[in-house]
Amino acid sequence: KVTAGAKDVADADAALKGFSDASSINASLKAGVALAAGKGLVIGNKGKFNPNGTATRAEAAVVIYRALTVK
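Small disclaimer: the values here were computed from a predicted structure and weren't measured.

Procedures and definitions
Residues numbered from 1 in each chain as written. Predicted model: local features only at pLDDT ≥ 70, side-chain atom pairs only at ≥ 80, totals over all residues. Heavy atoms only, no water. Helix = DSSP H or I, 4+ residues; strand = E, 2+ residues; numbered from the N terminus. Rg over C-alpha atoms; globule rule 2.2 N^0.38 Å. Buried < 20%, exposed > 50% of the residue type's maximum accessible area, 1.4 Å probe, protein only. Contact = heavy atoms within 4.5 Å. Salt bridge = Lys/Arg side-chain N within 4 Å of Asp/Glu carboxyl O. Core = buried A, V, L, I, M, F, W, Y, C linked by side-chain atoms within 4.5 Å.

Trainee: Honestly, the overall build of the protein chain in this entry has me stumped. Any pointers?
Mentor: Across its full length, the protein chain carries three helices and zero strands. Beginning at the N terminus, the succession of helices and strands in the protein chain can be written as α-α-α. On C-alpha atoms alone, the protein chain measures out to a radius of gyration of 12 Å, which is about the 11 Å that the 2.2 N^0.38 rule sets for 71 residues. Once the C-alpha set of the protein chain is aligned to its principal axes, its extents read approximately 30 × 30 × 20 Å. Taken across its 71 residues, the protein chain has 20% of its residues classed as buried.

Trainee: Please explain helix α2 (residues 30-38) as it appears in this structure.
Mentor: One full turn of an α-helix is made of 3.6 residues, so residues set three or four places apart face in the same direction. Considered for burial, the residues of α2 that qualify are Lys30, Val33, Ala34, Leu35 and Ala36. Check the buried side of α2 and you find it contacts α1 (12-15). Positive phi shows up at glycine 40, right after α2, with a value of about 80°.

Trainee: What exactly am I supposed to notice about the pattern of salt bridges here?
Mentor: A side chain of one charge can pair with a side chain of the opposite charge if their charged atoms are brought near each other. This model, assessed by the stated rule, comprises one salt bridge. Measuring nitrogen to oxygen at the nearest pair gives 3.5 Å for the salt bridge that ties lysine 30 to aspartate 13. Placement of lysine 30 in helix α2 and of aspartate 13 in helix α1 is noted, with a sequence separation of 17 residues between them. Taking the relative accessible area as the measure of exposure, lysine 30 reaches 18% and is therefore buried.

Trainee: Honestly, the nonpolar core in this entry has me stumped. Any pointers?
Mentor: Within soluble globular proteins, side chains that are nonpolar generally end up buried alongside one another. With seven residues, the main nonpolar core is built from Ala12, Leu16, Phe19, Ala22, Ile25, Val33 and Ala34. In this structure leucine 16 touches Ala22, Ile25, Lys30, Val33 and Ala34, once residues within four positions along its chain are discounted.

Trainee: What exactly am I supposed to notice about the environment of isoleucine 43 here?
Mentor: Among the structural elements, isoleucine 43 can be located in the loop between α2 and α3 (57-68). Classification of isoleucine 43 as exposed rests on a relative accessible area of 60%. Excluding anything up to four places from it in sequence, isoleucine 43 contacts Phe19 and Arg66.

Quick look at the structure:
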């Protein structure tokens, strides 16, 4: 948020509606996930965010790359 000047998402639930498992995302983390989804840092897999899953090294690398190049 600091480096790209990103603003918080006004309606986290609306931003997460594309994930069928959005209700599984911890309430305290929804704003951050909504920001990441809104900026395209995370796009999910087959319509799911999978908040309790583990990321592969490749998935983590993609998120880091996207975070460094976010506009």
